[in-house]
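Overview (structure and organization)
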Amino acid sequence: MYGNTGKVIYINCSTGKTEIVSLDEDVYKNFIGGSGLAAKLFWDYADFDADPLSEKAVLILINGPLAGVPLSGTSRMSAVARSPLTGALAESSCGGYFPPQLRYAGYDGIIISGKCTVPSIIHIAHGSFNIVSSEELWGKTVGEAYVKIKEQYGERSRTLIIGPAGEHGVSYACILSDAHHAFGRCGLGAIMGSKNIKAIVIEPHKTIMKYFEEQKVKSLIKELTPRIKEYIISQVLHEFGSAGNLEGHMYTGDVPIKNWTSNFNEEMAEKLTGSTLTEKYLTKTGTCAYCVVACKRIVKVDEGPYSIPEGPGPEYETVAALGCLLGSSDLAAVCKAGRLCNEFGLDSISTGATIAWAMEAFEKGDLTEKDTGGITLRWGDMPTVIDTIIPSIARKEGPLGQLLSKGSRLAAKSINNNLIKYTAQSKGLEAPMHDPRGGGHGHALAYAVSPRGACHVSTAMHFMETGACNYPEIGFEFDLEALTDEKKPETMVLATAIGSIENSACFCQYADRSLTFAEMVGILNAVSGYHYSLQDALDAGWRIYHLKRLINHRFGLRACDDALTERMLEPARDGEPQGIMINFDGMIQRFYELMNMDNVEGVATVDTLHKYGLEQEAAIVWKKRK
Amino acid sequence: MEKKKIGITVEGAGVLRKELFKHTVTLDCDARVEDLAKKIKIKKGLQIAFFRNGKRLNRNVKLHDGDTIKVVPLVFGG
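In this text the structure is predicted, and so the values were computed from the model without any measurement. (Residues numbered from 1 in each chain as written. Chains lettered and ligands numbered in written order. Predicted model: local features only at pLDDT ≥ 70, side-chain atom pairs only at ≥ 80, totals over all residues. Heavy atoms only, no water.)

Re the pairing of strand β9 (residues 158-161) of chain A
All names here are of chain A. Where we set the bar: Any two strands with at least two DSSP-identified bridges between them are counted as paired. The way it works is that DSSP assigns letters per residue, a run of H or I at least four long becomes a helix, a run of E at least two long becomes a strand, and they are numbered from the N terminus.
With four bridges connecting them, β9 and strand β12 (residues 197-202) associate as antiparallel partners. Note that in β12 the partner of I161 across the bridge is A199. For β9 and strand β10 (residues 175-177), the ladder comprises two bridges, and the chain directions are antiparallel. For I161, the partnering residue across the bridge sits in β10 and is L176.

Some points on the packing of helix α14 (residues 348-364) of chain A against helix α16 (residues 382-394) of chain A
All names here are of chain A. What counts, and what does not: To obtain an axis, a line is fitted to C-alpha atoms, over the contacting stretch when the element is a helix, and the angle between two such axes runs from 0 to 180 degrees between their N-to-C directions. Oblique is the label for any angle not covered by the other classes, which are roughly parallel (under 35 degrees), roughly antiparallel (over 145) and roughly perpendicular (65 to 115). Note on convention: the crossing is left-handed when the near helix lies turned anticlockwise from the far helix by less than a right angle, right-handed when the turn is clockwise. Every residue pair with non-hydrogen atoms within 4.5 Å of one another is taken to be in contact. Basically, the charged four are Asp, Glu, Lys and Arg, the nonpolar ten are Ala, Val, Leu, Ile, Met, Phe, Trp, Tyr, Cys and Pro, and anything else, Gly included, counts as polar.
Axis separation between α14 and α16 bottoms out at 12 Å; the angle between their running directions is 110 degrees. Our classification of the angle between α14 and α16 gives roughly perpendicular. In the packing of α14 onto α16, the handedness of the crossing is right-handed. Every residue of α16 that contacts α14 at T351, I355 and M359 is listed here: V385, I389, I390 and I393. Looking at the contact of α14 with α16 residue by residue, the class counts come to six nonpolar, one polar and no charged.

Concerning the side chain of R513 of chain A
Residue and element names in this part refer to chain A. Definition in use: Only protein chains enter the area calculation, which uses a 1.4 Å probe; residues under 20% of their type maximum are buried, those over 50% are exposed, and those in between are partly exposed.
Its location among the elements puts R513 in the loop between α22 (488-505) and α23 (517-528). Residue class for R513 comes out buried when judged on its relative accessible area of 3%. With residues up to four places along the chain from it excluded, the contact list for R513 reads Y231, I233, F463, A468, C469, Y471 and E502.

A few points about the domain arrangement of chain A
All names here are of chain A. Rules: Domain limits in this description derive from either an automatic procedure or a database domain assignment. Here's the idea: put two parts together, see how much 1.4 Å probe accessible area each one loses, and the total over both is what we call buried area. Only one rule defines a salt bridge in this text: a Lys or Arg side-chain nitrogen within 4 Å of an Asp or Glu carboxyl oxygen. By the criterion applied in these results, polar contacts are pairs of N or O atoms within 3.5 Å in which, for protein atoms, one can donate a hydrogen and the other can accept it, and in which residues neighboring in sequence qualify only through two side-chain atoms.
In terms of domains, chain A is made up of domain 1 (7-202), domain 2 (242-425) and domain 3 (440-625). The distance between the C-alpha centroids of domain 2 and domain 3 comes to 28 Å. Listed by partner, the interface residues are 22 residues for domain 2 and 18 residues for domain 3. A combined buried area of about 1500 Å² lies between domain 2 and domain 3, and 58% of that area is made up of carbon and sulfur atoms. When the buried surface of domain 2 facing domain 3 is broken down by residue, W260, K421 and Q425 rank first, second and third, together holding 31% of it. Our enumeration of links across domain 2 and domain 3 arrives at one salt bridge. For E360, the salt bridge identified is with R567, shortest N-O distance 2.7 Å. The tally of links from domain 2 across to domain 3 stands at seven residue pairs in polar contact (both at pLDDT 80 or more).

So, the interface of chain A and chain B
Opposite the 32 residues of chain A that make contact, chain B presents 22 residues. Buried surface at the junction of chain A and chain B, summed over both partners, amounts to about 2400 Å²; 57% is from carbon and sulfur atoms. By the criterion of area lost to chain B, the three top residues of chain A are I232, Y251 and E576 of chain A, representing 24% of everything that side buries. The tally of links from chain A across to chain B stands at two salt bridges. The salt bridge partner of K70 of chain B is E270 of chain A, with a shortest N-O separation of 3.4 Å. Seen at the junction of chain A and chain B, the total is four residue pairs in polar contact (both at pLDDT 80 or more). Listed by contribution, the elements that provide at least two residues to the side of chain A that touches chain B are α8 (232-240), α9 (246-252), α10 (266-272), α11 (274-280), α12 (316-322) and α21 (461-465) of chain A.

Given below as structure tokens:
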């Protein structure tokens, strides 16, 4: 086997049983790796009746097939489970330095089931892996635990750590890698916490990867690295971070403000954009393994009420979710709120979105001081957000902390079903900080049909719709108008396949922007020997997408769950998209038709599933239906 | 006869803030957005859009003396 090792660690935390699962080459070829392979293993290993936070639930982490290759944007991995936030398939990806070390240690991933009797860590070193009691780490923030682990296991060890939010089962708790990179979405940190696993630690290994075509891989790295580095988007990301064009997004109406009630605020744009962050608070840039883009921010706020020591800085999603969405233009406050989310192990998107919903509900009188435990919620009140709300969510403290730790959909539902209409989520996953009403109507479709819920990275629609990429070699040469539905379902068909490939091969969606589709497939073939034609790769992408839809069907989700809330579809009230309606129903029906999906069940027809080799899976889901 | 001139204030947004400081561009009185686009120099490969009072302008829209135009880079992601 090339690239991949064919070995996955299996750990049952309840029994202490550990083993190595060996996987056939065909499984890799059919499901690529990363998110796709994790979904396949989830299908094989999951108890579909298990509560996401129960002992029976599984958490699966799988490397991309390119993890460990010294090429920008390829050393990444995906985590998959059932989400405690949505009840649907959870998936999230992460870069950093953990994935290549896992590969060098000889493994492609880790399957975790059961529950440790005491707080523990999983320790991987020198050909062995085991569960080690670590009660002293429980209760510590991510940063505190990180320092302790480094002291014990060495400076070069790599970590996945949860914070207090994961320990308390907050439904949008995340997992931090080396206290900076995150499996941010869907509450995977809560699942790790429910298993009493505080951290996964890997010590450095020196194994050399075997490539299918050694010389070709070397020449591709040599050819692609300077191109990735010099690409305009890479330069912008390096200099200004992923928030580098927040101001530009604002003018197009892409940035949701004050819980999606506004799409334009010039002052906010200037004060929060990435160039302001660079000028005022950036101390240096950070990066993931082998990446020349270096989009990560290291920031320090020297003085004032929001002073923070040098450490991880906010990315675009965090700036928009904890700034624009809450009605704040205070960048120092956003840096501090983002840092708190890191330390507590909270997804900053869901945190910001859930607080924003609560602020609006309080303003409308739908949420009262009785619900909040006497706390007054006001737009832009960052002292309360930082000192009270975020810590109380992370620890599920008090009525407000308990309420908001459920996420916006369940929080709204627990007060009054009618309040769901002004949440901004799909399937319960809070939408990222790109408003389809201004960013592009195809985003609306992408959010709705994404298996994990509202997501702009599960497909390539975000970049395809806005002209950031073209793939003529697979027939995508459309010059799309962002604020119409024209050709969006057709684009979405390709976008699902490309997104599945990106998330399964674990290409970073920044670093791979300058690559053609043929080059993406070429590097996969050269490293892993998959022998994909372009069509084979697309088919693998669609196979993975359909499998994830089948998983969701087994969790009870149907086509009617591919929905956006009223707030996300009402005409924008200001800015560039003011008054424009999205033809959501038209797009989604056409998409089902083009994908041969049943528009009630929300999964592909039997014939389509057979076409992608999912006969057994089809039999289970369609037989159950009858 | 030489055409009358108009003054347009131009300002870069987002990643163009450093590259395109606020300044005035002089154009012919019948100038359109397209003419302004030819006058400004920005990073090669960067797609841009023009906004006036928060509204995006088509390239054939006529400009007026005293207009303030934001030049917005269309870099997507984040």
